[in-house]
Amino acid sequence: MRHLLKPLRHNCRRLRWAHHRAQKAAASPSPPPRPPRPPPKPESLTFHDHSWEDPYSWMSKLNDKVAMRHLDMYMEQEEKYTEATMSGTDRLQSKLQSEMASRFASDLSTPPLRWGPWLYYRRVEEGKQFPVLCRRLASLNDEFISHKSPSAGFDFTSGKRIEQKLLDYNREAQRFGGYAYEELSEVSPDHRFIAYTIKPQADRVSGLAWAKDGQALLYVVTDQNMRPCRIYCSMIGSTDDDFLILEEPDENVYVNIRHTKDFRFVTVHTFSTASSKVFLINAADPLSGVNLVWECEGISHGILEHHQGYLYLFTDAAKEGQSVDYHYLLRSHLDSSSSPRTWEGPVHLKELHPQFLPLPKYVSQISPGPNYDYHSSKMRFTISSPVMPDAVVDYDLSNGEWNIVQQQNILHERTRVLYGTASSASINEETLNSKTSNPSNEVNSDDDQLWNGLSEFYACEQYNVASYDGVLLPLTVVYSRKNKKEDQNPGLLHVHGTYGELLDKRWRSELKSLLGRGWIIAYADVRGGGGGGKKWHHDGRRTKKINSIKDYISCANFLVDKEIVHENKLAGWGYSAGGLVVASAINQSPHLFKAAILKVPFLDPTNTLLYPILPLTAADYEEFGYPGDIADFHAIRDYSPYDNIQKDVLYPAVMVSSSFNTRFGVWEAAKWVARVRELTIYDQKRPILLNLTTDIVEENRYLQCKESALESAFLIKVMES
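Owing to the predicted nature of the structure, the values given are computational and were not obtained by experimental measurement. Per chain, the residues get numbers from 1 upward, laid out in the order the sequence is written. In keeping with the predicted nature of the model, local features appear solely for residues at pLDDT of at least 70, side-chain atom pairs appear and are counted solely at 80 or more, and the whole-chain, interface and lining totals rest on all residues. Values shown for side chains rest on all heavy atoms present in the structure; no hydrogens or waters enter the calculation.

Draft legend 1. Main features of the nonpolar core. Ranked by size, the top nonpolar core spans 71 residues in total, and within it Met59, Leu475, Leu493, Tyr552, Leu559, Val656 and Trp672 carry the most contacts. The element contributing the most residues to this core is helix H12 (residues 666-679), with nine residues. What Leu475 contacts, discounting residues up to four positions off in sequence, is Glu461, Gln462, Tyr463, Val465, Leu493, Ala522, Tyr523, Ala524, Cys555, Phe558 and Leu559. If you look at the next biggest cluster of nonpolar residues, it comprises 34 residues, including Tyr81, Leu492, Ile521 and Met719. The criterion is simple. A nonpolar core is a set of buried Ala, Val, Leu, Ile, Met, Phe, Trp, Tyr and Cys residues joined through side-chain atoms within 4.5 Å. Note on classification: 1.4 Å probe, protein chains only; a residue is buried when its accessible area is under 20% of the maximum for its type, exposed when over 50%, partly exposed between these limits. Comment: elements are numbered from the N terminus, with helices defined as DSSP H or I runs of at least four residues and strands as E runs of at least two. Whether two residues are in contact is decided by their heavy atoms, any of which lying within 4.5 Å being enough.

Draft legend 2. Layout of the packing of helix H1 (residues 65-86) against H12. Helix axes are fitted only over the stretch in contact, all axes being lines through C-alpha atoms; the angle between N-to-C directions runs from 0 to 180 degrees. Between H1 and H12, the shortest axis-to-axis distance is 12 Å and the interhelical angle comes to 65 degrees. One way to sum up the angle between H1 and H12 is to call them roughly perpendicular. Regarding H1 and H12, the two cross each other, and that crossing is left-handed. Taken together, the residues of H12 that come into contact with H1 (itself represented by Tyr74, Met75, Glu78 and Tyr81) are Val666, Ala670, Val673, Ala674 and Arg677. Considering only residue class, the contact of H1 with H12 consists of seven nonpolar, no polar and two charged. Roughly parallel here means an angle under 35 degrees, roughly antiparallel means over 145, roughly perpendicular means 65 to 115, and every remaining angle is called oblique. We call a crossing left-handed when the near helix sits turned anticlockwise from the far one by less than a right angle, and right-handed when that turn is clockwise. Residues are grouped as follows: Ala, Val, Leu, Ile, Met, Phe, Trp, Tyr, Cys and Pro are nonpolar; Asp, Glu, Lys and Arg are charged; all remaining types, including Gly, are polar.

Draft legend 3. Structural context of the sheet that holds strand E18 (residues 291-297). The antiparallel open sheet is built from four strands, whose spatial order is E15-E16-E17-E18. A strand with exactly one partner marks an edge of an open sheet, and here the two such strands are strand E15 (254-259) and E18. On average, each strand axis in the sheet is tilted by 15 degrees relative to the strand beside it, whichever way the strands run. Pairing between strands is defined by DSSP: at least two bridges between them are needed. When E15 meets strand E16 (residues 265-271), the two strands line up antiparallel, connected through six bridges. Residue His259 lies in a different strand from E16, and its bridge partner there is Val266.

Draft legend 4. Structural context of the packing of helix H7 (residues 545-561) against helix H8 (residues 577-588). Where H7 meets H8, the axes come as close as 9 Å, and the angle between the chain directions of the two elements is 70 degrees. When the axes of H7 and H8 are compared, the pair comes out roughly perpendicular. Viewed along their axes, H7 and H8 form a crossing whose handedness is right-handed. Residues Lys545, Ile546, Ser548, Ile549, Lys550, Tyr552 and Ile553 of H7 lie in contact with H8, whose contacting residues are Leu580, Val581, Val582, Ser584, Ala585 and Gln588. Residues of the contact of H7 with H8, tallied by class, amount to eight nonpolar, three polar and two charged.

Draft legend 5. Seen up close, the packing of aromatic side chains. The pairing test for Phe, Tyr and Trp rings, Trp by its six-membered ring, is centres within 6.5 Å, and the orientation test on the planes gives stacked under 30 degrees, edge-to-face over 60, and tilted for anything in between. All chains considered together, the criterion is met by 17 aromatic pairs. With a centroid separation of 5.8 Å and an interplanar angle of 20 degrees, the aromatic rings of Tyr219 and Tyr232 are classed as stacked. Here the residue Tyr219 occupies a position in strand E12 (residues 216-222), and Tyr232 occupies one in strand E13 (residues 228-235), the gap between them amounting to 13 residues. Each member of the pair Tyr219 and Tyr232 is classed as buried. Measuring from centroid to centroid gives 6.4 Å for Tyr310 and Tyr312, while their planes differ by 50 degrees, and the two rings are tilted. By way of ring pairs, the aromatic residues Trp115, Tyr120, Phe263 and Tyr372 are connected into one cluster. If you follow Lys319 out to its NZ or CZ, it ends over the ring of Tyr328, 4.3 Å from the centre. Note that Arg508 overlies the ring of Trp573, its terminal NZ or CZ placed 5.8 Å from the centroid. Criterion for a charge above a ring: Arg CZ or Lys NZ at most 6 Å from the ring centre, at most 35 degrees from the ring normal.

See below:
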């Protein structure tokens, strides 16, 4: 299995992540810091019928040692400038970090999930930064005792240690340079082995699937451009070389694998802009061949499952050449001998005898859990809401009964963790049964206490905002009932609007610090994102990407016009491709925003799509456009944040967070920051900051609090200036 751990080669040094605290100011005030000004070195570029100059292209020349030395020196200057600019907020940052850290449930474990004879779960040990993957036999622990030490792995009745530590990521971090987080992990169906990858140490493996009841492991390997293209099979215990099952030579085709829930088959999904295909591998004999069972034109989503002699395919593929705006279910008999295979459907929902679970108010997302046990009648999923901590729920498909197995209680800064049969006593059984029979998808306000809801303290309002072309946009607004003041509130407007993905509107405890200080938190569901079907996604991509940006501006104007947010106190927030939307909106309407947070943003699409430094996927080009297509190229040029910065205009204060190992490299952030400073009006009260982070902020609770505190302090400082 030599392919599983392959060191990632870096083209450049990873910078220090820590922000060193500045020394206390001397008795006489020092002059305000001046932002760094890297030297422009214009490079002329021509494509199609258009020519332009890129003054900071040297920042992305990773193979140029001289350029990289200059970039390193420039980054050090940026780090010092950020430290100096934020030095007056040290006490505020410490207070915010303390607030946020107190809301992390340090003893929070994932609720145990039964699979076969075992209960699997993760827990965080006191004083440790990373979780531990554990299991214990359900027969020894029907009443799952507290995960807190010292009882975590010890049964005082029998006097035996009953917990098994499978994977301690704190030890993995020591092995791999001080940090590590899991990309993929799969426990074998016989519960004897666990296969896992650690980023960045196993960056070449993009998929795992067990076969032969745990005696064989299939895995996908990427090429030099990080394209998943080859499937290998490793026989456990064998000294033979791993067997190559499939290799896709076409550089435009990508390969994914997964096992069916019953482990009888491994499915292979290959896709490109031209076609999508699903193949089947017999898990009992993985070397017997790869059989095509379904294909269609274009990129389509397709998940294949096996159940009682039938194959079920969940897909959004076009029907009879016509694109559809929804997913549907197809069915085919496993032993079908027709070529091509005959698929029945779509299978209508009513044929599946649907059951309904009452839901709390303002649900933003329902996410399936691991649900490993194919034979279990219980399905686990997570219910999210802007005004409710995530609730992990078990739903019994056999009788319609449901149970909240884990949910944090923010009001008491503690976590309710319910385990096994003992938990059912804490919720009135008669009440649960009565709600199960109610087909409504929303509970009464009196029942919010079941969900640890926060509606009594935080309001959630939903609006339909008309965009520039009359399309109605969902806008969600959250605020503290106690701290909201009419027409005086600062606001933070979140957006993503890409890849057809749902905007993350879950309750996040770090936002409580802003809500408690009178901030409005808003979420703009713009075109290009999810929640509105395939058409909603397609109306915000490629030549229509400008719709995402104009939709966001419409939501920002609505917040100000309706006096929900003070006209001079609105901030934008965007992550990754959401950062592109915010930065483009600032270019178009810089007066609308007082500040913005851009996290690992996509800011230079023209150069990234034309000359990719890091590998792009077919989905990236489908989303942002193919520069080879002249219409797409001009659309990219029109919305590109880096190429449309207004000259001699006052821009909002912006903090851009990035690192070398993001999908959109740190050079994009550095180029954008340098060009904004070069072209726009300088105002020390509206600084443009480049904040360098590590690659593991989201995996490390301490660093996550530190970064969130820095960003919140930046927003508060700007709004109060």
